[in-house]
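So you can see what is in the structure, the chains are spelled out below.
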Amino acid sequence: MAIGKSTLGLRDPGSGVPPNSGGSRSPAGASNVGVMGRYNNIIKSQEDKSSYRGLILSNRMKVLLVSDPKTEKSAAALDVNVGYLSDPDELPGLAHFCEHMLFLGTEKYPQENEYSKFLSEHGGGSNASTAMDHTTYYFDVLPPHLGRALDIFAQFFIRPLFTESATSRELNAVNSEHEKNTTSNYWRLEQVNCALADPRHPYSKFGTGNKETLDIIPKSKGINVRDELLKFHERWYSSNIMTLAVLGKESLDELEALVVPLFGPVLDRDVTAPSWPEHPFPPSRRRTRVHCVPVKDTRSLSISFPSPDMRRYYKSGPARYVSHAVGHEGPGSLLAALKARGWCNNLSADPTGGARGFGFFDVLVDLTEEGIDHVDDIITLLFQYLAMLRAQGPQQWVWEEQRELSAISFRFQDKYEPRHFVKGHVSLLQDYPIEDVLSVYDLMTEWRPDLIEELLDCLTPENIRVAVMAKRFEEKCTQIEPWYGTKYLRETIEDAKIKTWRSATPTQELHLPSVNEYIPTRLEVLESEEESTTAAPTAPTIIKDTPLVRLWYKLDSEFRLPKATMRFSYVSPLPNSDPLHYNLCTVWVMLVRDALQQSTYSASLAGLSWSLGSEVNGITITINGYDDKQHVLLDTISGMLSAKPDPQRFEIIKEIFVRAMKNYETEQPYQHALLEQTMCLTDVCWTRPQLLAAAQVMTVDQLEDFISRMLRKVHIEGLIIGNVTKERALEMADGLEAKLPKDGTPLLAQQLLQRREVEIEKGAWYCSEIENRIHRSSCTSVYYSCGLRASRSNVLLELLEQALSEPCFHVLRTQEQLGYIVVSGVRRANGVQGLRVIVQGDKHPRYLETRIEAFISNAQEYLENMKNEEFLKFRSALAARKLEKAKHIGERATRFWSEIATQMYNFDRATIEVEQLNAVTQQDLIEYYKVRARRGADRVLVGRSQLNIHVHAFI
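Residues numbered from 1 in each chain as written. Predicted model: local features only at pLDDT ≥ 70, side-chain atom pairs only at ≥ 80, totals over all residues. Heavy atoms only, no water.

An unreviewed UniProt entry annotates the chain as Insulin-degrading enzyme originating from Bombyx mori. The Catalytic activity (unreviewed entry) field of the UniProt record for the chain holds the comment "Degradation of insulin, glucagon and other polypeptides. No action on proteins." (UniProt positions renumbered as here; feature names shortened; annotations may be inferred.)

This is how it looks when you write it as structure tokens:
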């Protein structure tokens, strides 16, 4: 459950079409009872094998049905077209609180954890989020159990309980969620923006809520918050402003028969979804400059222009055109000019953060040390770029290139996770014609240069709002935002500066992007001798194995799209030999990414994603997307590895790296617990102080020497899977080998071994205590080591975690309210595994540990009293999860690469482990629990190995 700012979807005010406009008559087998309109003409990708139907129920709820006979999970989402902008003025956070409460029991299903328990038993999960103008609830579950899950889910919107007990307890979770966000620079700046808005506009509200707004202040005013929750639900939770998306294996007629009787009873209260045509920043609140003090040592510039709500123009995409131009990263771009001056490293330009009736166009800039002194100059360059766009006028070829890339993306889109699909599309049903709901972001059909000019007319000095965030403003910021405690100072921008920006003219340095050379021209799918079946795909095979390079390869027969994924890991013991070399490897990767930014940005626009990451044993190149131009991109990336580092960029990147290391102090307590656990359990792992000390003295000469030595003593392990021939794969691997220095030597076998894990001896218990100087929350991590990985122990541990996950959350979070973050799961590293429980909250770590231990102790009774039917549900759910097929080529590559990178090579792991799992009995699980997690009755450890981490809050 979470709260967030709205993202800019595209809204069509005219989407409230008559029930059967563009629809069709009822198909055979479909009843008209409870249905006002039915749509069978939804535009979909020609490669999409699912079937779709839109409905408008008799209570005016809009529904999207998705029939996918091959899905391994069913899913549903419901969106209510109201969010925290509709909070009562005296109760900030009420919409968010209401979202939390709907999970905790209904008249038909009064048990507080009925929903979560049912989903957990049947391989599913759930979540929800509250935004400015809508609230979304969603879940997934194994297909045979969709009907029952929908029944429980529907009752949220028919007869929720809002019990006194649950209300008082769940308030702590809302408060803990807010406390978690108080050190986030993002949340702090967002709330400063709210504080500077017109106080009469709901945008100025505090949307998350906390104990003060939902308990202390209401009580002082005699307001009963539970009564207000009931009123809020009764007022706004109306079927005519709700949309529902359901995905299942069933036919469309069967899905319709499921949905109509379950959601038809939701009351139509004839509510009008609120909208706000008046902007929260009228002209009197523009032309402002705000300085803010961050918690993390970051430097950022936000340039915001209030704009109209342009989402209705989704078929022409004017905001996409302007965003593409201003946010481009190639030659001639605004970013290229700023980087050349050493003022910034990254820039984005997007329509963001609006709600129904108003919008923003924001340019965000990451500032260097020098850049913080040139904020006004950066803005001048922005207005010079905008002047160039106006002078040249909207270019149809640019729009047509965007249209072509979007159409290709729509045709060859990867399959979504069912839960992500319904969550992503259910809110679109609120804003678009049903027939366009799948294609709204991808199919542009109307060239409207007038709309591009209309948006550009909003991006003027008279409309600008500037926010600069940096530690150096600590003394000058004298105002304090009340909810997050952010120090800031608001100023009016001088007339002379506005005049300077108004007079900005085009320059030769800044120009439109060039034609994208990475647009794929070959989109044919290769034929494979291996037919696509429901069976597990065959493993990749080694097609090149030399002392320097080993390449694994597989021609795709599973997804049948013109895409591929490749990974190449440059393995060496040098990066982890000491803290200095560890840092040099990381900075090397950062510099290469920085140098490639201009030349590879067009590839990312053309559906080719890439990454370059540093690891303890080297670096890894990953490329994913259309296979046509992947060899060109790989050649570009690998060629940059041996390039001489630029001294000026080295100093800039080094400063970013050192600052990020210092900023780790501000990360959430649970992240400190995870790091401390790694420090305790890994045989060679450098501490933050060790790394920081080495980073501060490293030089560009040391980096140049490191690169030379690394590339001369390296082994390349690669994987190529997808729409690529064996010959082409070999050519790419040969090309990488040819780029290595001729005097390089292979690694010895001993230098290719994995890192080792420290063994916690049987019966031992350790506790490491660390301080957290930033956050008000403490954290406790309890880890029960379960030994080396092996097929049977793997499934026993996973089954134990599957059985305990939901009750752990219910007891420690919902009932005891120990904190917003309560997580249980399996930890695996370096061939060793164990069960881990993490709780972050405002209680002392020792108390959190006692409550975790109490839960683990009581788990024996829970496991022993579990009915065999319930045990079999958990076992079946785990088996289904392990056998779930990859959704796209990238996911399949990740699974194969996991086996290669860990040197286990068990490519048929899922099948083998499910065979072991199906032989596990309830008594086997109980015995495993007793050995690995149970504490003896006399409180003496019986065989288990345990490591606890305590993170103490600063107050």
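## Some points on the overall build of the chain
The helix and strand inventory of the chain stands at 29 helices and 26 strands. For 955 residues, the compact-globule formula gives about 30 Å, and the C-alpha radius of gyration of the chain, at 29 Å, lands near that figure. Overall, the chain is about 75 × 75 × 65 Å in size when its C-alpha atoms are taken along their principal axes. Within the chain, buried positions represent 58% of all 955 residues. Contacts in the chain between residues at least 24 apart in sequence constitute 82% of all its contacts with a sequence separation of at least 6. Put simply, the chain shows about 37,700 Å² of open surface, and 51% of that area lies on carbon and sulfur atoms. Treating the 109 positive side-chain charges of the chain as one cloud and the 124 negative ones as another, the clouds have centres 2 Å apart. (Helix = DSSP H or I, 4+ residues; strand = E, 2+ residues; numbered from the N terminus. Rg over C-alpha atoms; globule rule 2.2 N^0.38 Å. Buried < 20%, exposed > 50% of the residue type's maximum accessible area, 1.4 Å probe, protein only. Contact = heavy atoms within 4.5 Å. Areas by Shrake-Rupley, 256 points an atom, 1.4 Å probe, with all protein chains shown as cover. Lys, Arg positive; Asp, Glu negative; His and termini not counted. Charge placed at Lys NZ, Arg CZ, Asp CG, Glu CD.)

## Some points on the sheet that holds strand β23 (residues 778–788)
Strand-to-strand pairing in sheets goes through backbone hydrogen bonds, with the strands running parallel or antiparallel. The five strands lie next to each other as β22-β26-β23-β25-β24, forming an open sheet whose pairing is mixed. Only two strands of the sheet have a single partner each, and these edge strands are β22 (765–771) and β24 (821–829). On average, each strand axis in the sheet is inclined to that of its neighbour by 15°, with strand direction left out of account. Of the pairings in the sheet, the one linking β23 to strand β26 (residues 945–952) comprises seven bridges and is antiparallel in character. Within the sheet, the bridge partner assigned to V782 lies in β26 and is N948. Docked against the sheet, helix α20 (residues 669–681) engages β22, β23, β24, β25 (832–841) and β26, running at close to 140° with respect to β26. (Pairing = 2+ DSSP bridges. Axes fitted to C-alpha atoms, helices over the stretch in contact; angles between N-to-C directions.)

## As for the UniProt feature "domain: Coenzyme PQQ synthesis protein F-like C-terminal lobe" (unreviewed entry) in the chain
This chain's UniProt record puts "domain: Coenzyme PQQ synthesis protein F-like C-terminal lobe" (unreviewed entry) on residues 799–897. Strand forms 19% of residues 799–897 and helix 64%; the C-alpha atoms that close the span are 24 Å apart.

## Digging into the confidence of the model for the chain
Regions with low pLDDT should not have their predicted coordinates read in detail. On average, residues of the chain carry a pLDDT of 93, and 95% of them reach 70 or more. Across residues 5–30, confidence stays below pLDDT 50; counting only partners more than four residues off in sequence or on other chains, it has 72 contacts. Segment residues 937–941 is flagged for pLDDT under 50; beyond a separation of four residues in sequence, or across chains, it makes six contacts in the model. (pLDDT = per-residue confidence, 0-100.)

## Topic: the sheet that holds strand β9 (residues 288–292)
With mixed pairing, the seven strands of this open sheet are ordered in space as β11-β12-β10-β13-β9-β15-β14. Strands with a single pairing partner mark the edges of an open sheet, and in this sheet they are β11 (344–351) and β14 (479–480). Packed onto the sheet, helix α9 (residues 318–326) meets β11 and β12 (359–367) and runs at close to 170° relative to β11.

## Here we look at the side chain of E757
Mapped onto the secondary structure, E757 falls in the loop between α23 (726–739) and β22. Taking the relative accessible area as the measure of exposure, E757 reaches 13% and is therefore buried. Reaching out from E757, the side chain makes a polar contact with the side chain of R827 at a distance of 2.8 Å. When neighbours within four sequence positions are excluded, E757 is seen to be in contact with L681, T682, R827, A829, N830 and V832. (Polar contact = N/O pair within 3.5 Å; in protein donor to acceptor, adjacent residues only side chain to side chain.)

## Focus: the environment of L872
Within the secondary structure layout, L872 lies in helix α26 (residues 868–883). For the pair L872 and T921, spaced 49 residues apart in the sequence, the C-alpha separation amounts to 8.8 Å.

## A word on the pattern of salt bridges
In total, this model carries 66 salt bridges according to the counting rule given. With its nearest N and O atoms 3.5 Å apart, the salt bridge here joins E665 to R773. Here E665, found in the loop between α19 (647–663) and α20, pairs with R773, found in the loop between β22 and β23; they are 108 residues apart in sequence, far enough to count as distant. Owing to a relative accessible area of 28%, E665 belongs among the partly exposed residues under this scheme. Classification of R773 by relative accessible area gives exposed; the value is 56%. Because the salt bridges share partners, they merge into one network encompassing R289, D376, K476, E491, E494 and K497. (Salt bridge = Lys/Arg side-chain N within 4 Å of Asp/Glu carboxyl O.)

## Notes on the packing of aromatic side chains
Any two aromatic rings considered together are summarised by their centre-to-centre distance and by the angle between their planes. The tally for this structure, following the rule as stated, stands at 33 aromatic pairs. When the centroid spacing of 5.7 Å and the interplanar angle of 80° are considered together, the rings of Y186 and W187 count as edge-to-face. Residue W187 is classed as buried on the basis of its relative accessible area, which comes to 15%. A ring pair is formed by Y203 and F281, whose centres lie 5.9 Å apart and whose planes are at 70°; its orientation type is edge-to-face. Taken as a pair, Y203 in the loop between α5 (185–196) and α6 (211–220) and F281 in the loop between α8 (252–263) and β9 lie far apart in primary sequence, 78 residues in all. The class for Y203 is buried, based on a relative accessible area of 5%. Chaining the aromatic ring pairs together yields one cluster made of F103, Y115, Y137, F139, F153, F156, F157, Y237 and F263. The ring of Y664 carries the charged tip of R688 above its face, separated from the ring centre by 4.3 Å. Over the aromatic face of F896 sits the side chain of R892, whose NZ or CZ is 5.8 Å from the ring centroid. (Phe/Tyr/Trp six-rings, centres within 6.5 Å; stacked < 30°, edge-to-face > 60°. Lys NZ or Arg CZ within 6 Å of the ring centre and 35° of its normal.)

## Thoughts on the pairing of strand β10 (residues 300–307)
Here β10 lies mainly inside the structure; seven of its eight residues are buried. As paired strands, β10 and β12 are joined by eight bridges and run antiparallel to one another. Within β12, the position partnered with S304 by the bridge is D362. Note: β10 against strand β13 (residues 465–469), five bridges, orientation antiparallel. Each bridged residue has a counterpart across the sheet, and for L301 the counterpart in β13 is V468.

## A short note on helix α24 (residues 791–815)
Between its first and last C-alpha, α24 extends 35 Å over 25 residues, near the 36 Å set by a 1.5 Å rise per residue. At L804, α24 shows its strongest bend, of approximately 40°, with the proline P807 following within four residues. With 19 of its 25 residues buried, α24 lies for the most part within the structure. Immediately downstream of α24, the backbone of Q817 shows phi near 50°, a positive value. (Expected span 1.5 Å × (residues − 1). Bend = angle between axes of the 7 residues up to and from the residue.)

## Side note on the environment of K415
Within the secondary structure layout, K415 lies in the loop between α12 (396–411) and α13 (418–426). By relative accessible area, K415 is classed as partly exposed at 40%. Between the alpha carbons of K415 and K887 there is a distance of 5.5 Å; along the sequence they are 472 residues apart. Residues contacting K415, with those up to four places away along its chain left out, are D68, K887 and H888.

## Things to note about the side chain of H672
Looking at the element boundaries, H672 is found in helix α20. For H672, a relative accessible area of 11% puts it in the buried group. Only 3.0 Å separates the side chain of H672 from the backbone oxygen of Y664, close enough to count as a polar contact. Beyond its immediate sequence surroundings of up to four residues, H672 is in contact with Y664, E665, E667, I770 and V951.

## Description of unusual backbone geometry
Positive phi is not limited to glycine here, since R560 has a value of about 55°. A positive phi is found at N830, a non-glycine position, where the angle reads about 55°. Note that N830 resides in the loop between β24 and β25. Here N830 falls in the partly exposed class, since its relative accessible area comes to 28%.

## Focus on α5
End to end, α5 covers 17 Å across twelve residues, agreeing with the expected 16 Å (1.5 Å per residue, within 8%). Taking burial as the measure, the twelve residues of α5 include ten buried ones, the bulk of the element.

## Details of the environment of E899
With respect to the helices and strands, E899 occurs in helix α27 (residues 889–901). When its relative accessible area of 7% is taken as the criterion, E899 is described as buried. Between the C-alpha atom of E899 and that of R909, which follows or precedes it by ten residues, the distance is 9.0 Å. Setting aside residues up to four positions removed in sequence, E899 forms contacts with M904, Y905, N906, F907 and R909.

## Topic: the packing of α24 against α26
At a minimum axis distance of 10 Å, the contact between α24 and α26 shows a crossing angle of 120°. Crossing handedness for the pair α24 and α26: right-handed. The segment α24 lies against α26, with V795, E798, L799, Q802 and A803 engaging F871, F874, R875, A877, L878, R881 and K882. Of the residues assigned to the contact of α24 with α26, the class counts are seven nonpolar, one polar and four charged. (Left-handed = near helix turned anticlockwise from the far one by under 90°. Nonpolar A, V, L, I, M, F, W, Y, C, P; charged D, E, K, R; others polar.)

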